[in-house]
Amino acid sequence: LVNQDGSCSTFFRVSLGLATLLGSADAVVFLPTTMFKILFGKQEKGPGVLVDVIGADLLADANGNLDVWWQGSPDTMTKIRYGSVSTETQIESSTYRPRWYWSRKLKYQKGAGMEFTVTEMDVLCLNTVVGRCFASSSQIEHCLKTSEPLTLSLGENIGTLKVAIHGPMRFDDPKKLDAKGGIAQKNELLLADARSRAVASVAPPP
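A brief look at the structure comes next.

1. Quick look at the pairing of strand E5 (residues 114-120)
With respect to burial, E5 is a largely interior element, six of its seven residues being buried. Of the pairings in the sheet, the one linking strand E2 (residues 76-82) to E5 comprises seven bridges and is antiparallel in character. Bridge pairing links Lys 79 to Thr 117 in E5. Pairing of E5 with strand E6 (residues 128-135) involves seven bridges; the strand directions are antiparallel. Within the sheet, the bridge partner assigned to Phe 116 lies in E6 and is Cys 133.

Laid out in structure tokens, this is it:
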């Protein structure tokens with residue numbers, strides 16, 4: 001279990017990790033997905049897109065039933081589905097105007113739309129879906145060409161969600177991060193310009 005230098009052996013680390021996972025609810029999700037990716041995954045070379053979930057403006061009158069236990073403002077997150085991939089933002093607490101500024105790269109899937117679900121998180125009851133919206137493949141292509149963010153309706157009198165989608169871009173950069181003309185530098189310039197315009201278009205909280 002312990003190496004000669006006093007460190008834990010690989011066998012012990014794997015055994016402890018599996019024992020911890022099997023005792024948690026996350027094991028059902030972790031074992032078939034993350035573990036498979038660790039063992040058999042390859043470098044993501046692209047082309048890919050970078051998705052920014054900027055924020056939402058929720059109407060207080062229509063969403064006043066959220067977080068009723070604490071009589072406060074909702075604690076929300078956004079779930080994203082793109083093709084067969086699902087992911088989610090962090091939780092923003094106690095606000096009708098959450099600003100996630102969350103980002104993730106996803107494999108580019110030409111012709112596929114993107115679904116967003118804003119959810120109110122609750123520790124005592126089931127989570128509540130605040131609203132859903134969908135970015136069509138044509139909207140995504142327009143966003144990629146113009147770097148313009150999308151403001152999507154979450155439903156009548158519910159609110160809006162603002163997102164930005166950048167790319168397509170490659171990730172297999174043979175050069176160092178600071179090398180001129182490298183893929184990393186090109187992606188940085190693209191993102192800096194697009195994000196500055198997207199963030200400037202969001203109204204600050206009161």
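We are not done yet, so read on.
2. Description of the nonpolar core
Within the largest apolar cluster, 28 residues are counted, with the highest numbers of intra-cluster contacts made by Val 49, Val 53, Tyr 82, Met 114, Phe 116 and Leu 161. Contributions of two or more residues to this core are made by strand E1 (48-58), E2, strand E4 (99-107), E5, E6, helix H4 (137-146), strand E7 (150-153) and strand E8 (159-169). Beyond its immediate stretch of four places on either side in the chain, Val 53 contacts Thr 78, Ile 80, Thr 89, Trp 100, Tyr 101, Trp 102, Phe 116, Leu 161, Lys 162 and Val 163.

3. Some points on the packing of aromatic side chains
Under the criterion given, the structure shown has zero aromatic pairs. One Lys or Arg, Lys 105, reaches over the ring of Phe 171 and ends 4.3 Å from the middle of that ring.

4. A short note on the sheet that holds E7
Strands pair in a sheet through their backbones, by hydrogen bonds, and they do so in one of two ways: parallel or antiparallel. Across the sheet, which stays open at both edges, the four strands sit in the order E4-E1-E8-E7 with antiparallel pairing between neighbours. For this open sheet the edge positions go to E4 and E7, each flanked by a neighbour on one side alone. With strand direction ignored, the average angle separating the axes of adjacent strands in the sheet is 25 degrees. As paired strands, E1 and E4 are joined by seven bridges and run antiparallel to one another. Note on E4: the bridge partner recorded for Gly 55 is Arg 99.

Cut-offs applied
- Residues numbered from 1 in each chain as written.
- Predicted model: local features only at pLDDT ≥ 70, side-chain atom pairs only at ≥ 80, totals over all residues.
- Heavy atoms only, no water.
- Buried < 20%, exposed > 50% of the residue type's maximum accessible area, 1.4 Å probe, protein only.
- Helix = DSSP H or I, 4+ residues; strand = E, 2+ residues; numbered from the N terminus.
- Pairing = 2+ DSSP bridges.
- Core = buried A, V, L, I, M, F, W, Y, C linked by side-chain atoms within 4.5 Å.
- Contact = heavy atoms within 4.5 Å.
- Phe/Tyr/Trp six-rings, centres within 6.5 Å; stacked < 30°, edge-to-face > 60°.
- Lys NZ or Arg CZ within 6 Å of the ring centre and 35° of its normal.
- Axes fitted to C-alpha atoms, helices over the stretch in contact; angles between N-to-C directions.

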